[in-house]
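# Architecture at a glance
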Amino acid sequence: MLVVRWMLRRPVTVLCCVVVIVLSIVGFASSTYDWGWQLLATGQDDVFRHHRWWGLITAFLAVDGGGALVFVVPFIVVVVGAAERLMGSWRTVIVYVGGSAASGLIGFALSWVESTYLGFLPLNAPSIDALSPATGVICAATAASSFASALWRRRMRLGASFFAVTFFLYSGGAGDFYSLVAVPVGLVLGFVLGGSRSGFRLVRSSHHEIRALLAAVVALSTLGPVVAALIGSGSGLLSIYGLLAVDVDHPRAALLALLPVAVGVVAAWGILRGRRAALWLAVGLFLLMSAVMVAVFVVIQPETMAIVAEESNQAVDPYIWQTLTGSALCAILPLVGAALLIALRRHVDVRTSLASARRFVIITASALTGAAVLSFVGMLSIREQFRPAIDALDLLRALPLRLVPPTFVVSDGLAFVPATRWAYVLWSLPPALLWIAVLVASCLLIFSRNSVVDDDDRLRARAILERGGGHTLSFMTTWPGNSFWFDPQTDAAVAYRVQGFVAVAVGGPFGPAYTDARVVERFVRFCGDRGWTATFYGVDDAALDSFAALRWQRLKVAEEAILRPLDWNPTGKKWQDIRTAVNKAERAGVVARWISWRQLSLPQKAQIQAISEAWVAEKNLPEMGFTLGGLDELADPSVRLMLAVDAGGSIVAVTSWLPLYGSDGGGRAPRVSGYTLDFMRRRPDAANGTMEFVIAATVEQAKADGLELLSLSGAPLANAAPESSSREASASVVAQLLDYVGRSLEPAYGFRSLLNFKKKFQPEFVPLWLIYPDTTDLPAVGAAVGRCYLPQLSVLHLSRLLRDLRPKAIPEVHRESTS
């Protein structure tokens, strides 16, 4: 039944699959039995010289083999089916048929220019015979991206571009060239047919999404040679990988080339998980790929290529130039990939522990030494089994080449080759053992449970936190980026970040002994011994007594909205907005779900990611951190989510709630006494009042669970009582400056609009304080706090901020998203 329903909703996709299958089978038959009518006219000569105009359509609706048909039909089902769901059936027909024909015409024209003016440098196979359904599929994908959300718009465009570019460079067939042309053609058709025109604007991505894109770059860069090897000998500029990966005499040797590919895949996965060590592993792999291809380029001389071309009956000049150009490009592109990873390394910020890094170095160095010794001693012991005969000096000169897979070494650069079976075993065994060891070391570096720096400290701090005692920001201490100080005399700890010479603590101490004033004094002494200025950010009134003995300065930096779930009773005129929002959501069939990230299905996680990316894409400034969580922080099993789900099962809004632990009396087990709001985002098309409904549902849930407190988090640089703000501003130059900064930042971040939104819930507002030693330290402390929130702030980001701060008309609506 589900299959039938799917087919009824996607008639164009079903028709396309049927046409491709039928035309392919007819094409096989007409080729076999030599029918008079050339149904599948597939080249520019067929279309233009012989006037078989239907070839502009049929060439993109058939394949040239049964094996290709097995892969193409599922490809159409997935991609064209998704495109039809996004932009409708009639647009899909126009895009697939019209886009394929347009891509073919443009491809024919560019092929003619290439053959006429760039004949010395073939970029792809001539368009003599090309069946390419992938052209229409890619055209449909890029066109449909204009109708997708910000997240999937970017993913669809990059995915289609990566696919087309990979096959064009590593295969280089005429059909691959048409697929590459289909990318811009599909984008134009998407805009013309009514899709979003925001595609030409640089859309900001979250840290999570940038890591996903970097991981895709690394994975595709390492898997590209596999594509070239499967093709064998294509016409693309990077098809030289296919030539290197094939050993006619020893076909199984190509399996050794998969070991570096596996290391690259492991590195890509590590980058996706935020591991900085995985990024440097990928950089090292790219540099190695570049070095190998430089060696290939040096070995391949024009004279050598001329001899090879003549022996294989190929045109000499094009073959030489394509091979040399491909070798140079293969050496340059990995360097570009390494530069990209280094430039964006700030988004991959999970540090590796020193023990894990040391283990990786020891395993790799030991394997390198062992492989070198095995190669030298083993080959020297049977030196008579190599041609020509070798000595110790010959082995030393060739030793670096013996540590890479044999298929990566061009035979023209070899001083000797194995002549017997045992010689070939010693020829292949050392690099195999080396790369297996590197793969194992990489897996331990990325996947080991103790591979993250301070991971043991984080687990210890988590245990102290769960024993109870702390403040509403305490759970944020468990996030990556924080270091920990543990009080040697009591059961308490402090989480902090060092920026310059300032140690910024996340709130105050946490743990059962968090109210002990001596804990604060010992932490300040710890910072002083290291030359740091200690400061505490986000301290509430209840913890101020712990800092009284220091006689430090304090400055209000936020207003925290506190709710008491047990006293929740939304009746009366002042609760009208909340009741209206709840009733409106219930009439629309929207329901609230209290759930954790692990309980979500993959489609639900994808929906939340899309909501988050759509929110980030609207901002001209980078995503903030420190006490503002993002998508990565949702995965913690202790974090709860409150979702708004519509009648169709789609998520329209999401909030995350961080636990606040209280003691159970004996301190034996964690007890959640409340939650703090962190992540709060909704779909752009969500109805007004959706966030009010979600938060009201959370309060009802907390009341049912008997929780004591709910915090709606602080609104930075905003004041719940304007008259209080006026008194503070007149009494303090610093407070006056903060008031001005808050008003100036309102267009960019909307802190005051957020505060007004929270007032609807009639909360108790509690000030959050910045506690610092002296007024003279305030400039350095302020800069350190800013760096904690925006460690990646650049001059470009700052210029965008100043642009956003220009006065503009702001609609009278509240901003319903934070973090």
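Please read all numbers here as calculations on a predicted model, not as lab measurements.

Further remarks concern the pattern of salt bridges. Applying the stated criterion across every chain, the model contains 11 salt bridges. Notably, a salt bridge pairs Lys556 with Glu559, separated by 3.2 Å at the nearest N-O pair. Across this residue pair, the class does not change: Lys556 and Glu559 are buried. Between Asp685 and Arg683 there is a salt bridge, with the nearest N and O atoms lying 3.0 Å from each other. For Asp685, a relative accessible area of 57% translates into the label exposed. For Arg683, a relative accessible area of 24% translates into the label partly exposed. Residues participating in the shared-partner salt-bridge network are Arg462, Glu466 and Asp636.

In this section: the packing of aromatic side chains. All chains considered together, the criterion is met by 17 aromatic pairs. Lying across the ring of Phe486, Arg460 places its NZ or CZ 4.0 Å from the centre. A cation sits over an aromatic face here: Arg554 above Trp769, 4.3 Å from the ring centre.

All right, on to the environment of Val672 then. With respect to the element layout, Val672 can be found in strand E11 (residues 671-682). Once the C-alpha coordinates of Val672 and Glu708 are considered, the two residues, 36 residues apart in sequence, prove to be 9.3 Å apart. Ignoring any residue separated from it by four or fewer positions in sequence, one finds Val672 in contact with Pro659, Leu660, Tyr661 and Leu707.

With that out of the way, let us pick up the pairing of strand E7 (residues 553-563). Buried residues dominate E7, accounting for nine of its 11 residues. In this sheet, strand E13 (residues 764-772) lies alongside E7 in antiparallel orientation, the contact comprising nine bridges. Its bridge partner being in E13, Ala558 is matched across the sheet by Leu768.

In this section: the packing of helix H16 (residues 354-381) against helix H18 (residues 421-447). Contact geometry for H16 and H18: axes closest at 9 Å, N-to-C directions at 175°. By the angle class used here, H16 and H18 are roughly antiparallel. Within the contact of H16 with H18, the residues separate by chemical class into 19 nonpolar, five polar and one charged.

Let us now look at a nonpolar patch on the surface. Together, Trp422, Val425, Leu429 and Leu433 make up an exposed nonpolar region whose accessible area comes to about 390 Å². Looking at the secondary structure, you find Leu429 in helix H18.

A separate point is the environment of Val22. Among the secondary structure elements, Val22 is positioned in helix H2 (residues 11-33). C-alpha separation for the pair Val22 and Leu61, spaced 39 residues apart in sequence, amounts to 9.3 Å.

Next up on the list: the side chain of Asn482. Take Asn482: it is sitting in the loop between helix H19 (455-466) and strand E3 (483-486). The buried category is assigned to Asn482, whose relative accessible area is 2%. A distance of 3.1 Å separates a polar side-chain atom of Asn482 from the backbone oxygen of Met476. There is a polar contact of 3.4 Å between the side chain of Asn482 and the backbone oxygen of Trp479.

A few words on the nonpolar core. By size, the foremost hydrophobic cluster in this structure holds 46 residues, and its most contacted members are Val504, Phe510, Tyr537, Ile608, Leu641, Leu643 and Leu770. Excluding its chain neighbours within four sequence positions, the residues that come into contact with Leu643 are Val591, Ala592, Arg593, Ile595, Leu600, Ile608, Ile651, Ala653 and Val654. Counting residues in each nonpolar core, the second largest holds 37 residues, with Ile210, Val348, Phe360 and Ala432 among its members.

Our focus in this paragraph is unusual backbone geometry. Excluding glycine, residues mostly have negative phi values, and the peptide bonds linking residues are mostly trans. Phi at Arg551 takes a positive value of approximately 55°, unusual for a residue other than glycine. With respect to the element layout, Arg551 can be found in the loop between strand E6 (533-540) and E7. A positive phi is found at Gln762, a non-glycine position, where the angle reads about 50°. Structurally, Gln762 is set in the loop between helix H26 (751-759) and E13.

Now for the environment of Ser656. Position of Ser656 relative to the elements: it lies in strand E10 (residues 651-662). Look at Ser656 and you get buried, because its relative accessible area is 1%. Sequence-distant contacts of Ser656, defined by excluding residues within four places in its chain, comprise Leu634, Val639, Arg640, Leu641, Thr676, Leu677, Asp678 and Phe679.

Okay, helix H20 (residues 517-529) next. Along its 13 residues, H20 runs 19 Å from first to last C-alpha, staying within 8% of the 18 Å computed at 1.5 Å per residue. Turning to H20, its buried residues number three or more, namely Val519, Val520, Arg522, Phe523, Val524, Phe526 and Cys527. The inward-facing, buried residues of H20 abut E3, strand E4 (493-499), strand E5 (502-506) and E6. Positive backbone phi, at 80°, marks Gly531, one or two positions downstream of H20.

Further remarks concern helix H23 (residues 690-704). With 15 residues, H23 extends 21 Å from end C-alpha to end C-alpha; this agrees with the ideal 21 Å at 1.5 Å per step. Of all 15 residues making up H23, 11 are buried, and the element is well covered by its neighbours. Of the residues flanking the end of H23, it is Gly706, one or two places downstream, whose phi is positive at about 75°.

Here we take up the packing of helix H12 (residues 258-272) against H18. Where H12 contacts H18, the two axes come as close as 9 Å, and the packing angle between them is 10°. Overall, the two elements H12 and H18 adopt an arrangement that is roughly parallel. Here H12 contributes Leu259, Pro260, Ala262, Val263, Val266, Trp269 and Gly270 to the contact with H18, which in turn contributes Ala432, Trp435, Ile436, Val438, Leu439, Ser442, Cys443, Ile446 and Phe447. Class assignment for the residues of the contact of H12 with H18 results in 14 nonpolar, two polar and no charged.

Cut-offs used in this document
- Residues numbered from 1 in each chain as written.
- Predicted model: local features only at pLDDT ≥ 70, side-chain atom pairs only at ≥ 80, totals over all residues.
- Heavy atoms only, no water.
- Salt bridge = Lys/Arg side-chain N within 4 Å of Asp/Glu carboxyl O.
- Buried < 20%, exposed > 50% of the residue type's maximum accessible area, 1.4 Å probe, protein only.
- Phe/Tyr/Trp six-rings, centres within 6.5 Å; stacked < 30°, edge-to-face > 60°.
- Lys NZ or Arg CZ within 6 Å of the ring centre and 35° of its normal.
- Helix = DSSP H or I, 4+ residues; strand = E, 2+ residues; numbered from the N terminus.
- Contact = heavy atoms within 4.5 Å.
- Pairing = 2+ DSSP bridges.
- Axes fitted to C-alpha atoms, helices over the stretch in contact; angles between N-to-C directions.
- Parallel < 35°, antiparallel > 145°, perpendicular 65-115°, else oblique.
- Nonpolar A, V, L, I, M, F, W, Y, C, P; charged D, E, K, R; others polar.
- Patch = residues over 30% accessible without salt bridge, like charges linked within 9 Å, V, L, I, M, F, W, Y side chains within 5 Å.
- Areas by Shrake-Rupley, 256 points an atom, 1.4 Å probe, with all protein chains shown as cover.
- Polar contact = N/O pair within 3.5 Å; in protein donor to acceptor, adjacent residues only side chain to side chain.
- Core = buried A, V, L, I, M, F, W, Y, C linked by side-chain atoms within 4.5 Å.
- Expected span 1.5 Å × (residues − 1).

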